[in-house]
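Each chain, written out:
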Amino acid sequence: MPINLTETTAGTRETRLGSITGYNGDLQDLVHQSRCGSLQDRERCFSQSSTCLSGCALGQVSGIRDVAVINHAPSGCTAMAPGVDVLNSQLAAKIGVANNTVFVGTDMNEQDTVFGATGSLKEIIRETYRRYHPQAIFIGTSCVTGIIGEDVDSIVAELEAELPVPIAAVHCEGFKSRIWASGFDAADHAVMTSIVKPPQQKKPVLNFKNFFESARVEITELFANFGVKTQFLYQNSTVEELAHISESLATVCICGTLGTYLGNALEEQYGVPYVRTINPLGVTGFETWLREIGRVIHKQAEVEAYLAKERAIYLPQIEAVKKELTGLRAVIGMGPGYTFEVSRVLQELGMEVVWGAAWHYDRKYDNDQTPPALNYLVKNSPANFKLSVADQQNFEILNILNHYQPDLYFSRHPGTTVWAIKQGIPSVYVADEYMIFGYKGTLNFAYAVLDKLKNRSFETNLAARVKLPYTKWWYQQANATFLKEPTR
Ligand code: SF4
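Predicted model, so just to flag it, every value in this text is computed and none were measured.

(A) Highlighting the nonpolar core. Formed by 90 residues in total, the largest nonpolar core has its most connected members in Phe223, Trp289, Leu290, Leu325, Phe410 and Phe445. With 8 residues, the top contributor of residues to this core is helix α14 (residues 300–325). The two domains that each donate at least three residues to this core are domain 1 (53–194) and domain 2 (316–482). If you look at the next biggest cluster of nonpolar residues, it comprises 38 residues, including Ala10, Leu58, Val84 and Val196.

Below you can see the structure in the form of structure tokens.
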């Protein structure tokens, strides 16, 4: 379905992409159901709390330098602001720039909830502009504004005519989607509709969407080999740079879950090709990804020369570590992009994935196709394996870990890793999005896994001293029974 930039909201992943948070089955079945259209979300009998999409939405736009984010919400919804501010300052300092972005909340109270607060919102927007002179203003919405029908879009339209900077609503009402990644799309929609301008001229630039750009230097050097500059999004980007991303040669993203909306929107609206391959994690991922970029930017020969040189350095080393990892059994719990990407890498390193848990699942991306990482896995996985979709439901993960007793648990979210460690399972926290990037990242990752296996004292000691709340009865429950049967 085409992306509609004439609307003020992106729509949720549930409605656009058929995304779900409840599933229990296996790889072959998930792909089969996705393709034939029979996949249904399944409710839980019991659910732990999860994450609000506004964190993803407002976290993304606040990474842009020198903007104002105004969260039109009760104060609790803006509790993320100090963390976001520290993160942005540190990531800006790391590359030697200043980020003067401000993150404020309108502190809605009971009276605002009954009578509305559009009047005070207008004054807060004006005052924020007067004090900080931001280059753009993003207005976040919340459960409260959504429930009382606060007309934020009209306020934006009114003040756009009054203030000399772009203003956009970021529609991230917490209750509208169970899938926090819908917040990425809300941020992209706001950027596309308020900041990005039609192209004037093509430039030798690659749009590079990522989270925290820890490999900014390496990636900049990598593409300099091909005469191409990189525009990182959104962390540390400027409003002026974003205005011109429609002029780039292509858009790539470190994670398909993160990139689908912006990549497809730029392609549909301005003809900027969106590179849709498996991601650059592991050897196969890196080579497939770089070759496709090379094709799109017409640098195939240069890419092949680069790969040949790097392969000679790293592949023998990767093969050597692989011998020590072969046969290990692993459970994974990550966002859907990384669950399927990292499953491929673990298999590449000789490990067996016995269970993959994805925090949500997108039946398709915005180009109407199933995610490339899943397509790759279903064709190339040496064996079918169990899969579940659970929005960080730790109680399910611990049941799975207890049942399978894997050699390792891999997660990108610390909240699940710590519970696995308390259970005595060696765990690898794949926090950095670039931890397995390219040949060098794959080698370092393989060594990190080996280190974790060779020294198990942390989880052994912790597990011996911690009493978990789960009973034997709980561990004996079959994981599939946590979900209700779908209503057809
Ligand atoms: S928007 Fe809703 S779900 Fe999100 S933090 Fe606020 S109250 Fe909670």
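(B) Representation of the layout of surface pockets within the structure. When its volume is computed, the largest pocket comes out at roughly 910 Å³. Lining the largest pocket are 40 residues; nearest its centre among them are Cys56, Phe184, Phe211, Phe212 and His413. For the lining of the largest pocket, the element with the highest residue contribution is helix α3 (residues 53–62), accounting for 5 residues. By residue class, the composition of the lining of the largest pocket is 19 nonpolar, 18 polar and 3 charged.

(C) Geometry of unusual backbone geometry. At the junction of Leu233 and Tyr234, the peptide bond is cis and its omega measures out at -15 degrees in the coordinates. Along the polypeptide, Tyr234 turns up in the loop between β7 (229–233) and α11 (239–243). A positive phi is found at His133, a non-glycine position, where the angle reads about 45 degrees. Examined against the element boundaries, His133 turns out to sit in the loop between α6 (118–132) and β4 (137–140).

(D) The domain arrangement of the protein chain, seen in detail. The domain architecture assigned to the protein chain consists of domain 1 (53–194) and domain 2 (316–482). Just the C-alpha atoms count here: the centres of domain 1 and domain 2 sit 34 Å apart.

(E) Structural detail: the packing of aromatic side chains. Under the criterion given, the structure shown has 24 aromatic pairs. With centroids separated by 5.1 Å and ring planes inclined at 70 degrees, the aromatic side chains of Phe46 and Phe395 adopt a geometry described as edge-to-face. Taken together, the positions of Phe46 in the loop between α2 (27–36) and α3 and Phe395 in helix α17 (residues 394–404) put the pair 349 residues apart, joining distant regions of the chain. Judged by its relative accessible area of 5%, Phe395 falls in the buried class. Ring geometry for Trp474 against Phe482: centres 4.7 Å apart, planes inclined by 10 degrees, an arrangement best described as stacked. Within the aromatic cluster, the residues linked to one another by ring pairs are Phe208, Phe223, Phe226, Phe232, Phe286, Trp289, Tyr306, Tyr434, Phe437 and Tyr439. Geometry around Tyr376 places Arg344 over its ring, the cationic atom sitting 5.8 Å from the centre. The ring of Trp419 carries Lys422 above its face, with NZ or CZ at 4.7 Å from the centroid.

What counts as what
- Residues numbered from 1 in each chain as written.
- Predicted model: local features only at pLDDT ≥ 70, side-chain atom pairs only at ≥ 80, totals over all residues.
- Heavy atoms only, no water.
- Core = buried A, V, L, I, M, F, W, Y, C linked by side-chain atoms within 4.5 Å.
- Buried < 20%, exposed > 50% of the residue type's maximum accessible area, 1.4 Å probe, protein only.
- Helix = DSSP H or I, 4+ residues; strand = E, 2+ residues; numbered from the N terminus.
- Domains from an automatic or database assignment.
- 1 Å grid on protein atoms, 1.4 Å probe; cavity = no way out; pocket = protein on both sides within 12 Å on 5 of 7 lines; lining within 4 Å.
- Points joined across faces, edges and corners; volume = space filled by probe spheres on them.
- Nonpolar A, V, L, I, M, F, W, Y, C, P; charged D, E, K, R; others polar.
- Phe/Tyr/Trp six-rings, centres within 6.5 Å; stacked < 30°, edge-to-face > 60°.
- Lys NZ or Arg CZ within 6 Å of the ring centre and 35° of its normal.

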